[in-house]
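An overview of the molecular structure
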Amino acid sequence: MLTASIGALLEIIDTSITNVALISIQANLGATLAEVGWVVTGYAMATVVMIPLSSWLSGRFGERSYFIFCLTGFTVASVLCGLAPSLGWLIGARILQGLLGGGLLPKAQTILFRAVPPSLQGVAQGMFGVVVLAGPALGPTLGGLLTDGLGWRWIFFINVPVGLVTVLMALAFLEPDGDRAEASTPVDWLGILLLTACLASLQVVLEQGHQLDWFEDAGLRQLGLLAAVSLPVFVWWERRQRQPAVDLRVLRHRYLAAGSLFSVVLGMGLYGTVFVVPVFAQSVLGYTATQTGLLLLPGALASALTMALLGRVVQRIDPRLLIGLGAAGMVFTMLWMAAIGPDTGAEALFWPLIARGITTVMMFLPLSLASLGPLPREEVGAGSGFYNLSRQLGGTFGIALLTLVVERRTTLHRAHLVEHLTTANPLLQQRLIALQAWLQERASGSGEGPAQALQVLSRQVDRQAALLAYGDVFRVVAVLFLAVIPLVLLLGRPRPAAADATP
C-alpha cells in the first residue's frame, strides 16, 4: 500500500510543483513566458497519453516490471530536468518524465485493488485518496519553498532520493509477475498513434488556449481539428481489434462509465479549485506563496483526517449514499465560497476550504470503490486507466474552463462597474476627493493627486471586478456538481469480502 501510494504521489506532485517556479526558470534559461509554459504543457500532454495505455503495457511487460520501470525512468528523467542547460532540454526531459510518470497513477491504484482484499479496500483506497488529494495542494507549496530556498532545479532533484527508495520498496514488497498471455500478441500501433494524436492535441489546446486566445490561433485550430477527427476514428478502430491498445469494452459496465463521467467533474472541482484559490489569494488578496500554502493547509489536513476516518467505515456504508451527500455538500460549499467580498481574508476562507476538503473526500473514496470495486479482477487495470484518465482530463478541462470564466467575467463586471463611474455621480466625486487628499498627504503635496487618485480608483474597480468573477467561478463549479448527482443512481457496490480469496 505504501509503495503504490508513494509512486502515485511522485507523479501527482510533479503535475503542479513547477507552476510556482516558471518565473525563475524563465529568468535563468532566458525564455519568454509563452515558451516556458511548455514545461507544464509537455509533462501534462505526455502523462495524459500514457494513462490509458498503462493497462496494455503492464499486460505486455508485467505489472510489477512496468511499475518499477516507470519509477526508475521517472527518477532518471527528474535528474535530466534538474541538469537542463537549456529550455529545449528541460521540455524534452519533462516530456520523458510525463511518459514514465503517466503509468504510476493508474498502476498504483490497480496494485491496490488486486493485492489488497476487499475487507481492507477502504483503508487502501483511503491511503491512495490522501495522496491524490494532498498532491495538488502540496505541489505548489513545496515548489515555492524549494525554489526560494535552493533554486528551481531542486524541485526535480527532490524526486531522486524518494524515487530510489520507492524502487527498492517495489523490488522488496510487490509480488513477482505471473505468466503474461499478452506478451506475444501483436502491437496495435495504429491505435496507439490515434490515441496519442487525440489526447496530445487536446491537452495542448487546453493548456495553451488561454495564452494563445484559443481558436484565434491557427495552430490551436489545427490541433483542435486533429483531436475531433482522431477520437471517433480511434473508437472505431479499437472496437474492431481483438487485442486493442485500449480496451474500450470495459465501458460496457455502466457503473464504470457513470463513475468515469462523475470523475471528470470531480477532477474539475479538485484540480480546478486548487488552481483557482491560490491565484485568487495571490492576485486579489495579495498573499505570498508561503501564505497561500498555509491558507490551503487546514483543508488538506481536513481531507487527510476525513480520509483516515472514512477508510475504516466505508465498507459498511453504501458508497452511493456518501457520493450523493458529498456532491450536495460540495454544491453548498461552492455557494458559500461564492459569497466572497472585498474584506475576504484567511479567516473567511478557513471554514469553506475545510468543508471543501471534507466533501471532496466523501466523493473521492467511495467513487473509486463504486466505479472499480464491482469490476472483474481481470478488468481492473483497464478500468483504472479510464477512471484516472477521466479525472486527469477533468482537471485540465476545469483549469481551462475556470480560467476562461475568470477572464471573461472580470472584463464583463469591470464594464458594468465603470458604467456607474460618471462625473454626475456624487459618490464618485466624494471618493476622488478623499483619495486625492490621502495621496497628497502621503506625497507631501507633490501636486500629482488627481491623476494618482484616478489610478487608485481604477485598481479598486479591477479588484472588485475580480472578486465578482471569482464568485461566478465558484457558482459554475456548484452547478456542475449539481448536474452530476443523478449519475449516483448508475453506480455500483464493491464486491463483498467473501467473494475474494486473496490472502
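Residues numbered from 1 in each chain as written. Predicted model: local features only at pLDDT ≥ 70, side-chain atom pairs only at ≥ 80, totals over all residues. Heavy atoms only, no water.

A short note on the overall build of the chain
Note the cut-off: Numbered from the N terminus, helices here are DSSP runs of H or I no shorter than four residues, and strands are runs of E no shorter than two. We call a residue buried when its accessible area falls under 20% of the maximum for its residue type, exposed when it is over 50%, and partly exposed in between, using a 1.4 Å probe and counting protein chains only. Any two residues having at least one pair of non-hydrogen atoms within 4.5 Å are treated as being in contact. Residue burial considers only the protein chains on display, and all accessible areas are found by Shrake-Rupley using a 1.4 Å probe.
When helices and strands are counted, the chain shows 19 helices and 0 strands. By residue count, 53% of the 503 residues in the chain fall in the buried class. Residue pairs at least 24 apart in sequence account for 83% of intrachain contacts in the chain once pairs closer than 6 positions are excluded. Counting only carbon and sulfur atoms, one obtains 67% of the accessible surface of the chain, whose full area is about 22,000 Å².

Describing helix H7 (residues 104–115)
Residue pairs spaced three or four apart in an α-helix point in one direction, given the helix's 3.6 residues per turn. Just so we agree on the cut-off: Multiplying one less than the number of residues by 1.5 Å gives the expected span of a helix.
Its 12 residues give H7 an end-to-end C-alpha distance of 16 Å, which sits within 8% of 16 Å, the value for a rise of 1.5 Å per residue. Counting buried residues along H7, 10 of its 12 residues qualify, which places the element largely inside the surrounding structure. By the burial criterion, the buried members of H7 are Leu104, Leu105, Pro106, Lys107, Ala108, Gln109, Thr110, Ile111, Leu112 and Phe113.

Section: the packing of aromatic side chains
Put simply, the rule is: Working definition: rings of Phe, Tyr and Trp (its six-membered ring) pair if their centres are within 6.5 Å, and the pair is stacked with planes under 30 degrees apart, edge-to-face with planes over 60 apart, and tilted otherwise.
The full count for this structure, using the stated rule, is 5 aromatic pairs. Ring centres of Trp152 and Phe156 lie 6.3 Å apart, and the angle between their planes is 85 degrees; on these two criteria the pair is classed as edge-to-face. On the basis of relative accessible area, Trp152 is assigned to the buried category, the value being 6%. For the ring pair Trp236 and Trp237, a centre distance of 6.4 Å and an interplane angle of 50 degrees mean the geometry is tilted.

So, the environment of Asp472
Heads up, the condition is: For the purposes of these results, a polar contact is taken to be a pair of N or O atoms within 3.5 Å, where, inside protein, one atom must be able to donate a hydrogen and its partner to accept one; residues adjacent in sequence count only when each atom of the pair is a side-chain atom.
Take Asp472: it is sitting in helix H19 (residues 449–484). For Asp472 and Thr410, which are 62 residues apart along the polypeptide, the C-alpha to C-alpha distance reads 9.6 Å. Among residues more than four places away in sequence, those in contact with Asp472 are Arg409 and His413. At 2.7 Å, the side chain of Asp472 and the side chain of Arg409 are in polar contact.

Examining the nonpolar core
Nonpolar side chains in soluble globular proteins tend to be buried together. What counts here: By nonpolar core we mean a set of buried residues, namely Ala, Val, Leu, Ile, Met, Phe, Trp, Tyr and Cys, connected to one another through side-chain atoms within 4.5 Å.
In terms of nonpolar packing, the biggest core is built from 107 residues, with Leu53, Phe67, Phe262, Phe280, Tyr470, Phe474 and Phe481 touching the most fellow members. By size, the runner-up hydrophobic cluster in this structure holds 20 residues, among which are Ala31, Val39, Leu90 and Trp152.

As for helix H12 (residues 218–240)
For H12, with 23 residues, the first-to-last C-alpha span of 34 Å sits near the 33 Å given by 1.5 Å per residue. Listed in full, the buried residues belonging to H12 are Leu220, Ala227, Ser230, Phe234 and Glu238.

Section: the environment of Met127
The residue Met127 is located in helix H8 (residues 121–149) in this model. Under the relative-accessibility criterion, Met127 is labelled partly exposed at 30%. Expressed as a C-alpha distance, the spacing of Met127 and Ala308, which sit 181 residues apart in the sequence, is 7.4 Å. Beyond its immediate stretch of four places on either side in the chain, Met127 contacts Met1, Leu2 and Ser5.

Observations concerning a nonpolar patch on the surface
Note the following rule: A patch consists of residues whose relative accessible area exceeds 30% and which take part in no salt bridge; residues with like charges are grouped when within 9 Å of each other, and nonpolar side chains (Val, Leu, Ile, Met, Phe, Trp, Tyr) when within 5 Å. Criterion for a salt bridge: a side-chain nitrogen of Lys or Arg within 4 Å of a carboxyl oxygen of Asp or Glu.
Judged by side-chain polarity, Met1, Leu2, Leu120, Val123 and Met127 come together as a nonpolar surface patch covering roughly 410 Å² of accessible area. Turning to its location among the elements, Val123 is positioned in helix H8. Residue Val123 is classed as partly exposed on the basis of its relative accessible area, which comes to 40%.

So, the side chain of Ser390
Mapped onto the fold, Ser390 is located in helix H17 (residues 380–419). One polar contact links the side chain of Ser390 to the main-chain carbonyl oxygen of Tyr387, over a distance of 2.6 Å. Excluding anything up to four places from it in sequence, Ser390 contacts Ser260, Ser263 and Val264.

Focus: the pattern of salt bridges
Taken as a whole and judged by the stated rule, the model has 4 salt bridges. Ionic pairing is found between Arg320 and Asp318, a salt bridge with its closest N-O pair at 3.0 Å. Here the residues in one salt-bridge network are Arg409, Asp472 and Arg475, joined through shared partners.

Overview of the environment of Ala478
Following the sequence through the fold, Ala478 ends up in helix H19. Accessibility expressed as a relative area gives 4% for Ala478, which makes it buried. With 142 residues separating them in the primary sequence, Ala478 and Trp336 have C-alpha atoms 9.8 Å apart. Once residues within four sequence positions are removed from consideration, Ala478 is found in contact with Val331, Met334 and Leu335.

Digging into the side chain of Thr333
In this fold, Thr333 is placed in helix H15 (residues 319–337). Among the polar contacts listed, one links the side chain of Thr333 to the backbone oxygen of Gly329, at a separation of 2.8 Å.

Structural notes on the packing of helix H4 (residues 38–61) against H17
For clarity, the cut-off: To get an axis, fit a line to the C-alpha atoms, keeping to the stretch in contact for a helix; angles then go from 0 to 180 degrees between the N-to-C directions. Angles below 35 degrees are treated as roughly parallel, those above 145 as roughly antiparallel, those between 65 and 115 as roughly perpendicular, and all remaining angles as oblique. In this scheme, a crossing is called left-handed if the near helix is turned counterclockwise away from the far one by less than a right angle; it is called right-handed if the turn is clockwise. Any residue that is not Ala, Val, Leu, Ile, Met, Phe, Trp, Tyr, Cys, Pro, Asp, Glu, Lys or Arg is counted as polar, Gly included; the first ten are nonpolar and the last four charged.
Where H4 meets H17, the closest approach of the two axes is 6 Å, and the angle between their N-to-C directions is 165 degrees. When the axes of H4 and H17 are compared, the pair comes out roughly antiparallel. Read as a crossing pair, H4 and H17 show a hand that is left-handed. Only Gly381, Ala382, Gly385, Asn388, Leu389, Gln392 and Leu393 of H17 make contact with H4, whose side of the interface consists of Thr47, Val48, Ile51, Pro52 and Ser55. Within the contact of H4 with H17, the residues separate by chemical class into 6 nonpolar, 6 polar and no charged.

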